[in-house]
Amino acid sequence: MKLYNTLTRKKETFVPVEPGKVKMYVCGPTVYNHIHIGNARPFIVFDVVRRYFEYKGFDVTYVQNYTDVDDKIINKAKEEGLTSEAVAEKYIQEVEHDAKGLGIHKATHTPKATEEVPHMVDMIQVLLDKKFAYEVGGTVFFATRNFKEYGKLSKKNPDDLEAGSRVAVDEAKINPMDFVLWKPKKEGEPSWPSPWGDGRPGWHLECSVMAKRYLGDTIDIHCGGTDLIFPHHENEIAQSEAANGKPFAKYWLHNGFINVDNKKMSKSLGNFFTVREITEEFPYEVIRFFMLSAHYRSPINFSRELMEAASNSLQRIQTGAKNLIYLHEHSALESMTETENTDLKRLESFKDKFEKAMDDDFNTADAVSAIFELIRFANTHVTVSSSKAFIQKVSDALQALCDVIGIDLETEEDILDSDIEALIQKRQEARKNKDFALSDKIRDDLMKKGIIIEDTREGVKFRRV
């Protein structure tokens, strides 16, 4: 299995730190709003990476954090008239709702930054003791000049870097590239005690501490979006390796950006969409399938036309799976024929093509192509005259590959308009009684069946997708 390592800028054969085990850390969201499609991509692609390692027999420990203390959360709390803790908890629940809808397997550990502050204080003290950090008036900075390999991930030369848009300018710094490990308390903001006074940790520190605590000093794979390479991941490496005296991560995987209608996604351009907004038109499973239509390192373009194409392609796979179930139920022959035994060898070729694609830096686009080849094989070689044993073998092969990608092969039976109206009425009653959990469940259950409900001035309407 080969992985493209951002650290070396080349594909490398994967060799785990500990045989048979994979320790993965994925940078999670800052929880102040619903996740947008840019957030969704690393959720999905690294979930597939994890699934594939498990498919190959590895024991995977998967850590994805929540940044639940941050300026954005504090500002959101002021807007909503809530505490920072309440805002963070609210949006953690919303993230988990979307993650479940997207078919994301739960992480082994989902630590919150606020729960790890004492460990962050400990690491800062280690860095101070080792002369990799300094304190000025209650603020503790990391001294980048003292870490000789600073810039090795981003390939940036520290001498060429200037304080600017991605680097906080602060006259208290010895060097413009130094970054904050601890900041003093401000009125009305969350704070914790420390030897340097009450305050809170810098953003970069939390991932170094959480990775160490849950995975050890050296981990196998660290993942995140391309936008995190500098300064976030660069700073993580500096902190971790300076404090621990060991390599931080063997392999660094970064997913590409998402464009919307061939333009960079941004709020200023009005092409910024949350996952929840997209589910008003397309089910979660279609969003997931769309994200896997391109290699994870490549930029991907989001548009309504491409989402519709993804929906149609996913439907072809689900229809093929459903057809196999029907043929199995109506087959009169139990044991395989000689011809079917010969045809089984073809099944192995689809599996081989799938694994070859995934072994080549998790090429999900080619892996999905192998699944379509298997569907075409099933459509031409499996009939009502086929044996139950053969049909089951084909169905099992399809299920195994789709499980790795996270394609849900179960499709709901068509639901009658009268049943939809009854469920909408039940949802309205739940909302009236402020039972929003039941209201959301009814909406989500209908969405899974391809029914989108819309609240309009004329009342609640529904449409099929």
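Keep in mind that what you see is a predicted model, and the values were worked out from it rather than measured.

## Description of the overall build of the chain
Now for step 1: If you tally the helices and strands in the chain, you get 14 helices and 15 strands.
Now for step 2: A compact globule built from 465 residues would reach a C-alpha radius of gyration of about 23 Å, and the chain, at 25 Å, matches this within 12%.
Now for step 3: Its C-alpha atoms put the chain at 80 × 55 × 35 Å along the principal axes.
Now for step 4: Taking all 465 residues of the chain together, 50% fall into the buried category.
Now for step 5: In the chain, 76% of the contacts between residues at least 6 apart in sequence involve partners at least 24 apart.
Now for step 6: Carbon and sulfur atoms make up 49% of the accessible area of the chain, which amounts to about 22,300 Å² in all.

## A word on the packing of helix α10 (residues 338–359) against helix α12 (residues 388–405)
Now for step 1: Running from N to C, α10 and α12 cross one another at 5°; their axes reach a closest spacing of 10 Å. As far as their axial angle goes, α12 and α10 are roughly parallel. Between α10 and α12, the contacting residues are E340, D343, L344, L347, F350, K351, F354 and M358 on the first element and F390, K393, V394, A397, L401, V404 and I405 on the second.

## A word on the pairing of strand β7 (residues 179–184)
Now for step 1: Direction of pairing for strand β6 (residues 139–142) relative to β7: antiparallel, over a ladder of 3 bridges. Across the sheet, residue F141 finds its bridge partner in β7, namely V180.
Now for step 2: In this sheet, strand β8 (residues 199–201) lies alongside β7 in antiparallel orientation, the contact comprising 3 bridges. Paired with P184 across the strands is G199, a residue of β8.

Basis of the calculations
- Residues numbered from 1 in each chain as written.
- Predicted model: local features only at pLDDT ≥ 70, side-chain atom pairs only at ≥ 80, totals over all residues.
- Heavy atoms only, no water.
- Helix = DSSP H or I, 4+ residues; strand = E, 2+ residues; numbered from the N terminus.
- Rg over C-alpha atoms; globule rule 2.2 N^0.38 Å.
- Buried < 20%, exposed > 50% of the residue type's maximum accessible area, 1.4 Å probe, protein only.
- Contact = heavy atoms within 4.5 Å.
- Areas by Shrake-Rupley, 256 points an atom, 1.4 Å probe, with all protein chains shown as cover.
- Axes fitted to C-alpha atoms, helices over the stretch in contact; angles between N-to-C directions.
- Parallel < 35°, antiparallel > 145°, perpendicular 65-115°, else oblique.
- Pairing = 2+ DSSP bridges.

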